[in-house]
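Each chain, written out:
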Amino acid sequence: YRDDDDINDVASMAGVNLNEESARIMATNSDLVGTQIQSCKDEPFLAALPLHKRILETAKKLGITDVPAEVVTFISHATQSRLRAVIEKVTVITQHRMESYKDDEWYEQATDVRSQLKFFEQLERLEKQRKDEQEREILLKAAKSRSRQEDPEQARLKQKAKEMQQQELAQMRQRDANLTALAAIGPRKKRKLDAPGLLSIGGEGAGLCGGSQAGLGTASPRQYPRQKITRVNLRDFIFYMEQEREMSRSLLLYRALLK
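Residues numbered from 1 in each chain as written. Predicted model: local features only at pLDDT ≥ 70, side-chain atom pairs only at ≥ 80, totals over all residues. Heavy atoms only, no water.

Here the focus is the side chain of Asp 236. With respect to the helices and strands, the residue Asp 236 is situated in helix H8 (residues 234–243). Among residues more than four places away in sequence, those in contact with Asp 236 are Val 90, Ile 93, Thr 94, Arg 97 and Arg 231. (Helix = DSSP H or I, 4+ residues; strand = E, 2+ residues; numbered from the N terminus. Contact = heavy atoms within 4.5 Å.)

With that settled, the discussion passes to the packing of helix H4 (residues 48–61) against helix H5 (residues 69–98). Geometrically, a packed helix pair is captured by the angle between its two axes and the distance between the axes. Direction vectors running N to C along H4 and H5 enclose 105°, while the axes themselves pass 10 Å from each other. The angle between H4 and H5 places the two elements in the roughly perpendicular class. Of the residues in H5, those in contact with Ala 48, Leu 51, His 52 and Ile 55 of H4 are Val 72, Ile 75 and Ser 76. In terms of residue class, the contact of H4 with H5 is built from 5 nonpolar, 2 polar and no charged. (Axes fitted to C-alpha atoms, helices over the stretch in contact; angles between N-to-C directions. Parallel < 35°, antiparallel > 145°, perpendicular 65-115°, else oblique. Nonpolar A, V, L, I, M, F, W, Y, C, P; charged D, E, K, R; others polar.)

Before going further, it helps to spend a moment on the nonpolar core. By size, the foremost hydrophobic cluster in this structure holds 9 residues: Val 86, Val 90, Ile 93, Ile 238, Tyr 240, Met 241, Met 247, Leu 253 and Ala 256. Secondary structure elements with two or more residues in this core: H5, H8 and helix H9 (251–258). If sequence neighbours within four positions are ignored, Val 86 has contacts with Phe 237 and Tyr 240. (Core = buried A, V, L, I, M, F, W, Y, C linked by side-chain atoms within 4.5 Å. Buried < 20%, exposed > 50% of the residue type's maximum accessible area, 1.4 Å probe, protein only.)

Once that is clear, we can look at the environment of Phe 239. Structurally, Phe 239 can be placed in helix H8. Look at Phe 239 and you get partly exposed, because its relative accessible area is 41%. Through-space distance from the C-alpha of Phe 239 to that of Val 90 is 8.7 Å; in sequence the pair is 149 residues apart.

What follows deals with helix H7 (residues 152–185). It helps to recall that an α-helix has 3.6 residues per turn; residues three or four apart then point in one direction. Taking 1.5 Å of rise per residue, 34 residues should cover 50 Å, and H7 covers 50 Å from first to last C-alpha, within 8% of that figure. Structurally, H7 contributes buried residues whose contacts are with helix H6 (113–144). Of the residues one or two after H7, Gly 186 is the one with positive phi, at around 85°. (Expected span 1.5 Å × (residues − 1).)

Let's shift gears to the packing of aromatic side chains. Evaluation of the coordinates by the stated rule reveals 2 aromatic pairs. Each ring, one from Phe 237 and one from Tyr 240, has its centre 5.9 Å from the other, and the planes form 40°; the classification is tilted. Taken together, the residues Phe 237 and Tyr 240, both in helix H8 and 3 residues apart, mark about one turn of the helix. Since its relative accessible area comes to 2%, Tyr 240 is described here as buried. (Phe/Tyr/Trp six-rings, centres within 6.5 Å; stacked < 30°, edge-to-face > 60°.)

Here we come to the pattern of salt bridges. This structure, assessed with the given rule, holds 6 salt bridges. A salt bridge links Lys 89 to Glu 244; its shortest N-O distance comes to 3.2 Å. You can see Lys 89 sitting in helix H5 and its partner Glu 244 sitting in the loop between H8 and H9, a full 155 residues away along the chain. The exposure class assigned to Lys 89 is partly exposed, which follows from its relative accessible area of 39%. For Glu 244, a relative accessible area of 12% translates into the label buried. (Salt bridge = Lys/Arg side-chain N within 4 Å of Asp/Glu carboxyl O.)

Okay, the packing of H8 against H9 next. Closest axis-to-axis distance for the H8/H9 pair is 10 Å, and the angle between their directions is 145°. As for the relative orientation of H8 and H9, their crossing is left-handed in sense. Only Leu 252, Leu 253, Ala 256 and Leu 257 of H9 make contact with H8, whose side of the interface consists of Leu 234, Phe 237, Ile 238, Met 241 and Glu 242. Taken together, the residues of the contact of H8 with H9 sort by class into 8 nonpolar, no polar and 1 charged. (Left-handed = near helix turned anticlockwise from the far one by under 90°.)

Another aspect to go through is H8. Burial in H8 covers these residues: Asp 236, Ile 238, Tyr 240 and Met 241. Buried positions along H8 lie against H5 and H9.

Right under this line is the structure:
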């Protein structure tokens with residue numbers, strides 16, 4: 001039956017020598033030959049004893065008296081998987097909230113809430129300034145009036161006008177004292193270490209004189225990469241619970257909304 005074997009031998013028809021391929025594989029993975037591979041120890045995510053006690057308390061209410069250790073391990077792994085899924089989804093929500101589309105050419109700004117709030121704050125400030133000016137004018141008129149029969153309200157207005165003038169005078173004195181102190185101190189001078197071009201990266205100091213001071217330019221601080229931290233707040237978690245079907249009507253969501 002040699003002819004039939006030659007026809008059915010696909011490897012030889014494709015021009016592949018199995019002996020050479022086996023030798024090549026053995027030569028490539030020679031470091032793995034003879035090694036023993038074994039599975040890692042199954043470590044539960046949650047503490048086994050408190051979890052087993054909690055499961056037994058729940059199982060006794062349903063008429064179950066014995067819970068094997070495999071159930072505890074399975075519930076522990078299920079909790080780990082569920083917690084990982086929740087953290088991944090909440091992280092995606094947080095990253096989406098932190099994204100900025102100001103520089104994106106496919107988006108245009110429709111409203112600017114910050115500018116609107118600043119505008120309203122400016123209106124309130126102008127309104128308050130206008131009311132203060134009116135009150136100041138009333139107090140000044142009351143202070144300049146010299147009627148012989150003064151009622152208690154007129155006396156109170158005069159006392160208040162006097163206090164306002166004293167306060168304005170104290171503020172003017174404080175402002176003048178600050179300007180005088182700043183003029184006496186003079187402009188702030190930059191330190192030599194703050195001057196640009198003083199230290200070169202990995203080289204000698206450019207603005208230092210003397211051989212003993214040249215070594216200060218060689219020590220450049222190491223730049224460690226800052227790890228990006230994703231901060232999840234309560235609003236992100238509330239949004240996640242509102243999107244989940246099993247948590248959209250839960251008591252935990254209502255408690256979170258009340259906080």
